[in-house]
Amino acid sequence: MRLKQITDRSYYIDFPSLVGVYRLNDSDCLLIDSGASKAFGKRAMKILAERGLKVHSIINTHFHGDHSGGNQAIQKASNCDIYASKLEKVFLENPILSPYGIYSAYPIAPLKNKFLMCEPSLVTEVIEGDTITIMDEEFKIINLAGHTLGQIGVITPDGVLFVGDAIISDKNIEKFPFLYIANLAYHLETLEKLRETNYPAVVLSHGGLIKDWRGAISLNEEQIKVIINIILGFVKEAKSREEICDEVIKKLDLPINTSQYFLISASVSAYLTYLCEENLISSIVAEHKVSFVSK
Ligand SMILES: [Zn+2]
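Residues numbered from 1 in each chain as written. Predicted model: local features only at pLDDT ≥ 70, side-chain atom pairs only at ≥ 80, totals over all residues.

Draft legend 1. Examining the overall build of the protein more closely. Per the secondary structure count, the protein includes 10 helices and 15 strands. The C-alpha atoms of the protein give a radius of gyration of 20 Å, which matches the 19 Å a tight globule of 295 residues would have. Taken along its principal axes, the extent of the C-alpha atoms in the protein is 65 × 40 × 35 Å. The buried share of the protein, taken over its 295 residues, is 42%. Within the protein, contacts between residues separated by at least 24 positions form 65% of all contacts whose residues are at least 6 apart in sequence. (Helix = DSSP H or I, 4+ residues; strand = E, 2+ residues; numbered from the N terminus. Rg over C-alpha atoms; globule rule 2.2 N^0.38 Å. Buried ≥ 20, exposed ≤ 12 C-beta atoms within 10 Å, placed from the backbone. Contact = placed C-beta atoms within 7 Å.)

Draft legend 2. Quick look at helix α9 (residues 241-252). The end-to-end C-alpha distance of α9, which contains 12 residues, comes to 17 Å, matching closely the 16 Å that a straight helix rising 1.5 Å per residue would cover. All of the buried residues along α9 are Ile244, Cys245 and Val248. Within α9, the buried residues cover an arc of 100° as seen down the axis, which keeps them to one side. For α9, the exposed residues lying more than 90 degrees away from the buried face are Glu242 and Lys250. Here the buried face of α9 lies against α8 (213-234), α10 (258-277) and β15 (289-294). (Expected span 1.5 Å × (residues − 1). Arc of directions from axis to C-beta.)

Draft legend 3. View of the packing of α8 against α9. Packing of α8 against α9 brings their axes to within 10 Å, and their N-to-C directions diverge by 130°. Our classification of the angle between α8 and α9 gives oblique. Crossing of α8 over α9 shows right-handed handedness. Taken together, the residues of α9 that come into contact with α8 (itself represented by Ile227, Ile230, Ile231 and Phe234) are Ile244, Glu247, Val248 and Lys251. Taken together, the residues of the contact of α8 with α9 sort by class into six nonpolar, no polar and two charged. (Axes fitted to C-alpha atoms, helices over the stretch in contact; angles between N-to-C directions. Parallel < 35°, antiparallel > 145°, perpendicular 65-115°, else oblique. Left-handed = near helix turned anticlockwise from the far one by under 90°. Nonpolar A, V, L, I, M, F, W, Y, C, P; charged D, E, K, R; others polar.)

Draft legend 4. Just the pairing of strand β8 (residues 131-134), in detail. As judged from the four bridges shared by β8 and strand β9 (residues 137-143), these two strands associate in the antiparallel manner. If you follow isoleucine 132 over to β9, its bridge partner there is phenylalanine 139. Taking the residues that link successive antiparallel strands as the turn, the β8-β9 hairpin has two residues, and the phi of methionine 135 there is positive, at about 50°. (Pairing = 2+ DSSP bridges.)

Draft legend 5. Region of interest: α10. Between its first and last C-alpha atoms α10 spans 29 Å; for 20 residues at 1.5 Å apiece the expected length is 28 Å, and the two agree. Phe262, Leu263, Ile264, Ser265, Ser267, Val268, Ala270, Tyr271, Tyr274 and Leu275 are the residues of α10 that are buried. Positive phi appears at asparagine 279, one or two residues downstream of α10, with a value of about 65°.

Draft legend 6. Seen up close, the nonpolar core. Ranked by size, the top nonpolar core spans 78 residues in total, and within it Val21 and Val163 carry the most contacts. Examining the composition of this core, we find that eight residues originate from one element, α10, more than from any other. Inspection of this core shows a minimum of three residues originating in each of domain 1 (3-161) and domain 2 (231-294). Those residues within four positions of valine 163 in sequence are excluded, and the remaining contacts are Leu144, Gly153, Leu194, Val202, Val203 and Leu204. (Core = buried A, V, L, I, M, F, W, Y, C linked by C-beta atoms within 7 Å. Domains from an automatic or database assignment.)

Draft legend 7. Geometry of the sheet that holds β9. Read across the sheet, six strands follow the order β8-β9-β10-β11-β12-β13 without closing on themselves; strand pairing throughout is mixed. Single-partner strands in this sheet number two, and they are β8 and β13 (208-210). Direction aside, the axes of adjacent strands within the sheet are offset by 30° on average. Bridge count for strand β10 (residues 152-155) against strand β11 (residues 160-162) is two bridges, and the pairing is antiparallel. In the sheet register, valine 154 faces β11, and the bridge partner there is phenylalanine 162.

Draft legend 8. Looking closely at unusual backbone geometry. Within the chain, asparagine 79 stands out as a residue other than glycine whose phi angle is a positive 55°. Of note, asparagine 79 is situated in the loop between α3 (71-78) and β6 (81-85). Positive phi outside glycine occurs at asparagine 279, with the angle close to 65°. Within the secondary structure, asparagine 279 is located in the loop between α10 and β14 (281-286). Using a count of 8 C-beta atoms within 10 Å as the deciding quantity, one classes asparagine 279 as exposed.

Here's what the structure looks like:
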C-alpha cells in the first residue's frame, strides 16, 4: 500500500518524490506536491480514489518538476485549486523559466526534459500570509527559501510539517553529496529555523517521515561546509565560474549528465554569491574573463 498514514488525517503517498495528503473530509483531500510527472499524478489520483478521495487542492512547496509534474494532470481531472508562493507561481505557470534560469538563455534540447520543464499548471491562489484556510481547515505556511527562492513548508492542522527539499536525507547526501541551492544565505537561515521547530512529525520530500531531522540538518550543514571549503581552497588563485564548477564536480566525484551539470553550475553560482557576500572572495575582471579569488 503506497498511502502511508502519519496522523489521524495526514498521510503521504510513498513515491520517490512523495505526495503529502491531508483528508479534508470523507471524500475530499488536499495534496502537498503532486509527484514527479503526469504518470505519478495519475497514479496518485488512482490510489486516492481507492480510498474514496478526490483532490480538492494542491499546495506546491516549490516549482521543481519532481514536485509539480503531476499538477496539470490532476488539475485537468479534478479542476482543483493550486496554491503556491508568488515566486513559484511564475515558474509553475511558465515552465520554460526553469531551464532558462539554469542555462541563462533559451535552453539547449537536453535541458527541455520533463524534470526541468514539466507541463504548466494554473496557480489559482497565491500564498502570501502564514496561514491558509481550505474547507475550514487552517494550514500553517513557513518560508523555507534557499533551495528555491520561494520554497515554502506546510504544516497540516494535525501538526505534520512537510519541508519540501529544505532538508536532504542522510542517504541521499551519501548517494549524491551536493545540495542544490538558489540562495545559500536564505538556505542556512531556513535550516536554522527548522532546527528550532518542534512538530510531532516532519516529512522530507525524498525520504519520508524523519525522526532525527536535527541530525539531518547538521549533516546538510556539514556537507555545505565541505563544498565551501572545496571552493575556497580552489580560488586561492583566480578561477572562472566554470573552472570552479568543474573542480566541485571532480572533488565530489559527482555523476553528471547535461541537466545535472547545469543544475550544479547554477548552485555553484549561489555558493559564489554567498562567499562574495561574506567577504571571503571577490569577483574580478582580468585577461578577458571574470574570475573569483579569495580575499
Ligand atoms: Zn527541489
